[in-house]
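# A look at the structure
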Amino acid sequence: MSSLTLPNDATAAAPSADAAAGAPAQPVRPFVIWTLQRTGGTNLTRQLVRLSGLPRTEHEPFNEGRAYGHVTAAWRKDRDALAMGAAMQEIAAEHQVIKHCVEMVPPEINGGLALATAAAGYQHVFLYRRQPKGRLLSLHYARVSGIWGNRMKTGQPPTEEELRRHPLPVPELVERERRGMRALQRVWDGLVEMGAHPLAIAYEDLYQSPPARSQHVLQRLFDELGFRFPPRRLPHIWEQVVGQGDQGTRSAYAAFGGQEALDVALARWRGFRPVPSAAALLTSDPQPPSAWVAAAHLHGAGAAVPRRRRLDGTVVCAAAAPAGLRLVLADAHGEHPVVWGLRSGWTAEQHPGLPQAAFARFVVPGYWPEGAATLWAEDPATGMRQAVLRIEGGAPEAAAVVAEALRLKPGGGPEDTLWAQAVARWLEQAPPGAGLERRARAIKLARAAAY
């Protein structure tokens with residue numbers, strides 16, 4: 001399957017003078033830019049392709065009617081996961097630059113693209129807006145005017161009177177933002193789980209920051225992608241990236257009614273967070289310990305773990321346990337089903353005299369404790385219960401989030417600037433809680449790594 005090169009963009013077909021002069025002798029790794037519509041990804045992608053010398057397909061190629069839209073159409077029709085996965089592997093083998101808007105396709109297409117490109121060694125760049133209002137206003141303007149992409153600069157703009165006749169559809173825009181951000185977060189979390197180490201760039205840091213700060217962010221992106229340019233060339237390259245990104249329509253947005261309502265609605269929920277979703281998970285043995293249980297262990301317990309929305313561990317029955325024993329998890333919200341009896345070779349080796357030990361693993365799918373919870377062993381014949389584990393889940397200390405973020409990056413050191421910047425911003429925005437001194441030290445640590 002060959003990649004589609006746009007006929008009006010000659011620079012995508014061959015390395016440019018910039019690429020030939022500054023790029024490394026060996027090609028840089030291909031990459032995917034994950035984003036939402038109207039986030040500023042078109043110009044950034046165009047310049048990154050020009051500088052890298054890599055081939056590319058057209059923007060948003062998995063939208064139906066575009067280069068790889070047949071993959072999306074086939075999935076919607078047949079839902080054949082094997083066929084979709086094979087198509088994604090073939091596309092990933094092209095080793096090209098892909099700019100992909102996650103809200104335009106089913107989540108399975110996003111997941112298939114992430115899995116195939118991660119397996120093929122791609123890098124992953126997330127471009128997002130910390131303040132989504134500007135993106136939604138731009139999206140509404142494009143719909144009202146019918147002017148998209150490069151036509152934003154050349155098309156005939158609507159008059160102010162025409163714009164006033166189209167107030168903002170606030171519920172629709174907010175729901176669109178919510179879906180888009182959830183899709184973006186789901187892909188980010190999946191790539192982190194796969195060990196792909198994605199990068200994150202905020203639109204505001206690149207396009208709305210002072211030149212020195214913006215150039216710093218761009219240089220860090222180049223470093224992470226493996227681009228190598230003499231420092232004296234950075235201002236010129238930065239001008240090509242940032243100076244051509246503004247479509248000149250922002251002043252017209254004031255004509256749209258409903259902006260105060262949009263502000264209120266957007267303030268009610270949290271957007272995309274390019275840091276590990278970490279949570280505290282602490283356990284303790286009940287007193288007195290259960291006579292029915294020889295050993296109990298919760299996987300992933302500790303000060304900070306990725307939040308996978310799944311609790312799992314092992315419980316090995318003692319020789320005196322009643323027949324047909326089952327597990328029940330209970331918290332303040334009620335009881336939650338536990339799948340128990342999954343194969344566990346490790347517990348079989350640790351407890352060779354207990355036949356159930358080979359099938360001691362349990363899973364609580366779709367669950368994460370937000371407070372106190374108890375894992376109970378229940379005798380179905382009598383209804384009697386004995387406590388197996390006490391579990392405490394909740395928000396971790398800020399320092400634990402920083403440590404987890406840096407640990408998940410290759411090397412785990414202060415050179416991981418983009419992640420450290422994201423952690424610092426998240427900590428600054430997080431509501432103060434217990435341990436303010438520790439929180440302050442965590443911010444200081446993240447800032448030192450970022451700058």
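Right above here is the structure, for reference.
Heads up: these notes are all about the structure in this document.

Along the protein chain, the regular secondary structure elements total 17 helices and 14 strands. For the protein chain, buried positions account for 49% of its 451 residues. Partitioning the contacts of the protein chain with sequence separation of at least 6, the portion at a separation of at least 24 is 74%. For the protein chain, the exposed surface amounts to about 21,300 Å²; the carbon and sulfur share of it is 55%.

All right, on to the nonpolar core then. W34, F62, V71, M88, I109, F126 and L184 are the most contacted members of the largest nonpolar core, which has 34 residues in total. Elements that contribute at least two residues to this core include exactly β1 (31-35), α3 (69-78), α4 (81-92), α5 (107-119), β3 (123-128), α9 (170-194) and β4 (199-202). If one sorts the elements of this core by residue count, α9 sits on top with seven residues. Beyond its immediate chain neighbours, meaning those up to four positions away, V71 contacts F62, M84, A87, M88, I91 and I109.

This brings us to the sheet that holds β4. Spatial ordering of the open sheet is given by β2-β1-β3-β4, a layout of four strands whose pairing is parallel. A single partner strand is all that each edge strand has here, and the edge strands are β2 (98-101) and β4. The average angle at which neighbouring strand axes cross in this sheet is 25°, direction not considered. Pairing between β3 and β4: four bridges, direction parallel. Counterpart to Y128 in the pairing with β4 is A202. Along the sheet, α9 makes contact with β1, β3 and β4, crossing β3 at roughly 150°.

With that settled, consider the packing of helix α6 (residues 133-145) against helix α13 (residues 259-266). With their axes 11 Å apart at the nearest point, α6 and α13 run at an angle of 135° to one another. Classified by the interaxial angle, the pair formed by α6 and α13 is oblique. Relative to α13, α6 is oriented so that their crossing is right-handed. Contacts between α6 and α13 involve K133, L136 and L137 from the first element and Q259, L262, D263 and L266 from the second.

Reading the values: the criteria
Residues numbered from 1 in each chain as written. Predicted model: local features only at pLDDT ≥ 70, side-chain atom pairs only at ≥ 80, totals over all residues. Heavy atoms only, no water. Helix = DSSP H or I, 4+ residues; strand = E, 2+ residues; numbered from the N terminus. Buried < 20%, exposed > 50% of the residue type's maximum accessible area, 1.4 Å probe, protein only. Contact = heavy atoms within 4.5 Å. Areas by Shrake-Rupley, 256 points an atom, 1.4 Å probe, with all protein chains shown as cover. Core = buried A, V, L, I, M, F, W, Y, C linked by side-chain atoms within 4.5 Å. Pairing = 2+ DSSP bridges. Axes fitted to C-alpha atoms, helices over the stretch in contact; angles between N-to-C directions. Parallel < 35°, antiparallel > 145°, perpendicular 65-115°, else oblique. Left-handed = near helix turned anticlockwise from the far one by under 90°.

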